[in-house]
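Notes for the structure review
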Amino acid sequence: MTVRRTLFGAAALLALAPMAFAAGERGRDGEVRIIYWQAPSILNPFLSGGTKDVEAASMIIEPLARYDENGNLVPWLVEEIPTVANGGVSADLRQITWKIKPGIVWSDGTPFTSADVKFTWEYCSHPEGGCAQLTKFEGVTSVETPDDLTVIVNFDKPMPNPYGPFVGGESPIIQKAQFENCVGARAPECTDANFAPIGTGPFKVVEFRPNDVIRMVANENYREEGKPAFATVLFKGGGDATAAGRAVMETGEFDYAWNLQLAPDVIAEMEKGGKGKPIAGFGPLVERIMLNNTNPDPSLPPELRSVSIIENYEQKNPHPFLRDPAVYKAMSMAIDRPLLVEIGYGQAGKVTCNWVPAPEIYNSHTFDATCGVQDIAGANKLLDDAGIVDTDGDGIREKNGVPLKILYQTSTNAVRQDFQALIKQWWSEIGIETELRNINASVFFGGDPGSPDTFQKFYADVQMYANTFNGTDPQAYLANGLCDKAPRPETQWQGENISRFCMKEYDELWKKLSETADIEERAAIARQLNDMAVENGMMIPLVHRGRLSAHSNTLGGVKLNVWDSELWNVADWYRIK
Amino acid sequence: MLNYTIRRLILAVPTLLFIALTIFLLLELAPGDPVAHMPLTIPPEVRELMRKALGLGEPVHIRFWKWLVQFFWVEPQVFIDWLTTKSAIAGILPDTQFYVSCAGGDLATCDARILSWQFRSPVMDIVLQRLPQTLWVVGTAYLVAIVIAIPVGVYSAYRQYSWFDNAGTFITMVGFSVPPFFSGVLVIVIFSVQLGWFPSIYDTTHRVTDWDSFVFQLRQMVMPVMVLALQITSQISRFMRASMLDNLNQDYVRTARAKGMTEPTVVLVHVLRNSMIPVVTVIALGIPSIFGGAIITEQVFKVNGIGEMLIKAIEANDIPTVQTLTFIFAVLIVVFNLIADLLYGILDPRIRYD
Amino acid sequence: MTEPAAPSAETLAPELATRPPRSQWRDVWDQFKKHRGALVGAVIFVSIFAAVFVGPLFYPHDAQYVPTGRDFIRLRDMRPVYVLLWDPGAKADWSHPLGTDNIGRDALARMMMGGQVSLTVGLAAMALSLLLGTFIGVLAGYFRRLDGPLMRLTDLFLALPLLPLLLVAVLLFREPLKAAFGVEGGIFVLIVTLVGITSWMQTARIVRGDVLALKEREFVLAARSIGTPSRRIVLRHILPNVLSPIMVSATLGIATAIITESALSFLGFGFPPDFPTWGRLLNDSVDRMTLYPERVLWPGLAISITVLAVNYIGDGLRDALDPRIRGR
């Protein structure tokens, strides 16, 4: 079986798909049943950025190239990955040329051409379309189609990483003939197209019920002989992660369950059901505590509360004590990260003190020695030495007369609430009092400027959530630490610099990163930026979180991919008999 | 009575408009963002463009007016078209084509339907898609509950403090205090995981065509119906019992018995009829919720009916969907409360409204 | 039909008439005492109250304390002591009679602290919803002119979606209430009010239905014909006769209030996340139901027993207040 699996893997990796590897006829294995506890609501990823929608759609529509389970780019609908070395990327990094594999057809039998690729760009970049994947096309000035199999993308500036457009599950190619009349403001009117896009992928939609179920059948025009092994797909959505895990591992009703965010002991108990097993993969997702660099005092007027006022790279509205390195370093030292991993994530978590823990070349090792060790005594000493001591005998330290009382908020989630309780206890042992608050995720992550409870407004001292980036290049993600990205009332509280971190050196170094092309050099700068942000009180990283999914024991060929859609190689899945 | 009914129906129009406005303003005021559930990797500028594309840039009163037009003018057109071209009675009626689709058409003259912000598809289509499973599961649960609750309530009252009454009290009270998020999972663990009798996940695409598929439908309905019916039975049987107890001691019961009427006649005709007012109220309040679905139970068993649609729409801040569903719900509430009021008059002819 | 709530002992039991007159409430209490179910219910209810409010004073563990360091692994996920009966190897100890949760907090302490919140919220919210429901129901049923507007108001409240309503209420009132009543007091007032004003409609509709029928009965007509003012008719003749559906609403209402509170806290509109309540304890433990059945059993049982006790007290009260039964 392992041999067979390796062969399948090789076939997927090289995308050569010679017939010799195909172990039989297309559709020989009957039905595969997939459950996503967040149900897909639309199959057009350009109209919805939701992961569930992007992944469901990835079984039907495909990009030119995608990332494999190790984060390497692999050609998908093209001959090879264009690079400067093979001449596919111009020397000035402003142009990339893709060569489409000949002979690819859409599931309706018509040929797949460069015109479809160009149309996809036009569709997404239409100003009235509200395309969710607009950032994928950032900097694109034009797309040229010299012939049916060649696509040339031009950028307005040198792109050290030109693999944004048409790469990865978020940027698949849609059929021009189907979507031609659906551009811009008309996009939502094309319900039929949005619910059943015609694609080049291994399956095509038979019935789509939004937020409920998708039925698919094998695409008889799929480019690889003998694939997919399954004739039909039942893609069910809804419920909660527990029920999804149970359906795969305990009752065996389903073959694949996506993203089981459950405590490790719950997963372990389900695994005893013996019908399936969990698999984990690690992307750059980090659960962290963001430190508010501005003053969130409720008595301040709205134009000052948690508002970043920067003059000459200096915060004029600083937090009363969280800017003190002794305070945030002590807070970090008091945390027992291995325990948090054990309680909350098990095999789907790793201890980290980095903002960017993956891909490996970007992972800094500066904090490795102390990260996994809880040091309450050391933290207490650090605070004592800094003169932050308890002056009035209530057990809470004061800095300049301000008691170290912290409001700690996060979204509602069982694991996060356990983390809150644990961390509150640890902080109480270093003389910091914590008030906890949990907020409904749809309010917390919603950007409503009228709500006081959004994570952008940050009306608290610290807050916990997880964040990540798409693909393998962290440049845009590291931009979240730039001074001018802080959410402010003028920007309707929009902005990615949640902790209102601001540092001149950081801004300058990031600029250097954006101008550097060499990968080793880029990695070195990124690691430096990571260290700078953590060292200077932007956040306290807690856990490097993986993606945990489960598949039934009879489902073969699954390779969990965190860099692209989890269902990226569904064409290679088969039934173990 | 007819007079009263007509007056109430006329009054219902401004009431419903007012309810619609209140709901709209409430949703407007509630903090929320339709792009909140999107991954954090989508930057704010793109989110702003997406919001604009949803029509959020327009002022509130314009959006409310648009919704009114869509609900009361465009959607009925779609319905009439469907009635005359695709429904069972299509043959009798001349084909109509009132609704002008915007797909490919001229944006200025076409009719915009109420579009969900999550699905970008007409809300009413999804409502119709969701209705069958909700009616199957919640409707059956209601029927089962009423069929069980009324006899149980009557007998419990008739034999007050008998072992039957005490057992009934115990079961209904425990049944009501155990929330479905627990009882639902409990029956799944017992009947799906341990015994393997019933599927834990409801298949909404299942069609009943023959005996076997009917049996499968029954099997997948058993658990959600059981959990829901327990709650509803508890409630109705308590009110039935209490009301029966009130009436069993009345003078007219003694008179009826003295006249030599048989015990079943006394209890099941005279007392039952006079005890039905609170029960009718509870049932009338419950019937709209059959259409509204049972939010938690639907989620636990993945029935994905209207209740699930509503809660997902609320979580996703999908205002057009929430507004439409709640409004349909409001219409049903108004209608069934009117029916209940009319039934009062039939049950107790002394009640007069004029 | 006689006037029901008046001291009618004379007519029903002539031999009592020779004794010195007794107060009506004395009669009610005597009848209540005779009702065995009600008495047991009352005793249980008082015991639960005492246990959750007095218990923590004598119990050594704090409900919010999380053990740290070495203790953490030793103290987490402990089983209740009775598990030792059939599984001598179980991780259980008398120092934590009901065990601990997955981060080592004592289960019994959490049950008691949770009970304080659940009971007070449940009772207060139930009382508020009952008061509102009865008031609106009686007004609408008795005064024809108020019927239309009040019932349309009821329709409106029935139609309002709960979750957005809560969001708005939290947005508008959380900070002012916090300022007025403190963190926990403010949340308490907010939750009780929210649960109360979103659950009175059924009671109102039921009471109104009964009042519509009652006010056409002979004894009400008689009272009106001798010129009894409306207020008096409502208080003395109508209200006592709609008591039984109100009692049922009360028992069902307390269960609903306890569960709704947990839903609110779970969604983040209620008490802070480390603040246990019965509903939340139940909710948090559902995922580990098979591994640790006690974690769902105890809170579930506590809610059920409370509701049962209230139900029997309600039964007894209704019987005691009904003069037709009281004589027998």
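As the structure is a prediction and not an experimental result, all values here were calculated from the model.

**Comments concerning the overall build of chain B**
Of regular secondary structure, chain B possesses twelve helices and zero strands. Its helices and strands taken in sequence order, chain B reads α-α-α-α-α-α-α-α-α-α-α-α from the N to the C terminus. The dimensions of chain B, computed from C-alpha atoms along their principal axes, are 80 × 60 × 45 Å. Expressed as a percentage of the 354 residues in chain B, the buried residues total 46%.

**Some thoughts on helix α6 (residues 144-159) of chain C**
Taking 1.5 Å as the rise per residue, α6 of chain C with 16 residues should run 22 Å; its terminal C-alpha atoms sit 23 Å apart, in good agreement. Those residues of α6 of chain C not exposed but buried are M151, R152, T154, D155, F157, L158 and A159 of chain C. Where the residues of α6 of chain C are buried, they touch α1 (2-29) and α12 (319-347) of chain B together with α5 (107-142) and α8 (201-214) of chain C.

**Comments concerning the interface of chain A and chain B**
Between chain A and chain B, the residue contacts involve 53 residues of the former and 46 residues of the latter. Only α5 (191-195), β7 (203-209), β8 (213-218), α6 (241-250) and α13 (441-444) of chain A provide two or more residues apiece to the side of chain A that touches chain B. For the side of chain A that touches chain B, the leading source of residues is α6 of chain A, giving four residues. When the residues that make up the side of chain A that touches chain B are grouped by side-chain class, the tally is 15 nonpolar, 24 polar and 14 charged.

**Things to note about the domain arrangement of chain A**
Residues and elements named next belong to chain A. According to the domain assignment, chain A consists of domain 1 (5-239) and domain 2 (282-547). Look at where the C-alpha atoms of domain 1 and domain 2 centre, and you get two points 36 Å apart. Here the side of domain 1 that touches domain 2 is composed, by residue class, of three nonpolar, three polar and one charged.

**Quick look at the domain arrangement of chain B**
Residues and elements named next belong to chain B. Under the domain assignment, chain B is made up of domain 1 (35-116) and domain 2 (123-347). Centre-to-centre, using C-alpha coordinates, domain 1 lies 34 Å away from domain 2. With eight residues of domain 1 at the contact, the number on the domain 2 side is eleven residues. For the side of domain 1 that touches domain 2, the residue count by class is five nonpolar, two polar and one charged.

**A closer look at the interface of chain C and chain B**
Counting from both sides, the interface comprises 44 residues of chain C and, opposite them, 49 residues of chain B. Elements with a contribution of two residues or more to the side of chain C that touches chain B: α6, α7 (162-197), α8, α11 (243-267), α12 (278-285), α13 (293-321) and α14 (323-326) of chain C. The class makeup of the residues in the side of chain C that touches chain B is 30 nonpolar, eight polar and six charged.

**Thoughts on the sheet that holds strand β4 (residues 95-99) of chain A**
Strands belonging to one sheet form pairs held by backbone hydrogen bonds; the direction of such a pair is parallel or antiparallel. Residues and elements named next belong to chain A. Spatially, β4-β6-β5 is the arrangement adopted by the three strands of the open sheet, whose pairing is antiparallel. The two strands at the open ends of the sheet, each matched to only one other strand, are β4 and β5 (140-144). Averaged over all neighbouring strand pairs, the angle between strand axes comes to 15°, with direction disregarded. Here β5 runs beside strand β6 (residues 150-155); their pairing, made up of four bridges, is antiparallel. When the bridges of β6 are listed, E144 appears paired with I152.

**Observations regarding the pairing of β7 of chain A**
Residue and element names in this part refer to chain A. With five of seven residues buried, β7 lies mostly within the body of the structure. Relative to β8, β7 is paired through six bridges, and the arrangement is antiparallel. Bridge pairing links F208 to I214 in β8. Taken together, β7 and the strand that follows it, β8, pair antiparallel across an intervening segment of three residues, in which N211 is found at a positive phi of about 60°.

**Re the UniProt feature "domain: ABC transmembrane type-1" (unreviewed entry) in chain B**
Under the UniProt annotation, "domain: ABC transmembrane type-1" (unreviewed entry) lies at residues 131-340 of chain B. Taken end to end, residues 131-340 of chain B is 82% helix and 0% strand, and its two terminal C-alpha atoms sit 24 Å from one another.

**Here's the deal with the nonpolar core**
In terms of nonpolar packing, the biggest core is built from 338 residues, with A257 of chain A together with I236 of chain B touching the most fellow members. Sort the elements by how many residues they give to this core and α5 of chain C lands first, with 16 residues.

Conventions we followed
Residues numbered from 1 in each chain as written. Chains lettered and ligands numbered in written order. Predicted model: local features only at pLDDT ≥ 70, side-chain atom pairs only at ≥ 80, totals over all residues. Helix = DSSP H or I, 4+ residues; strand = E, 2+ residues; numbered from the N terminus. Buried ≥ 20, exposed ≤ 12 C-beta atoms within 10 Å, placed from the backbone. Expected span 1.5 Å × (residues − 1). Contact = placed C-beta atoms within 7 Å. Nonpolar A, V, L, I, M, F, W, Y, C, P; charged D, E, K, R; others polar. Domains from an automatic or database assignment. Pairing = 2+ DSSP bridges. Axes fitted to C-alpha atoms, helices over the stretch in contact; angles between N-to-C directions. UniProt positions renumbered as here; feature names shortened; annotations may be inferred. Core = buried A, V, L, I, M, F, W, Y, C linked by C-beta atoms within 7 Å.

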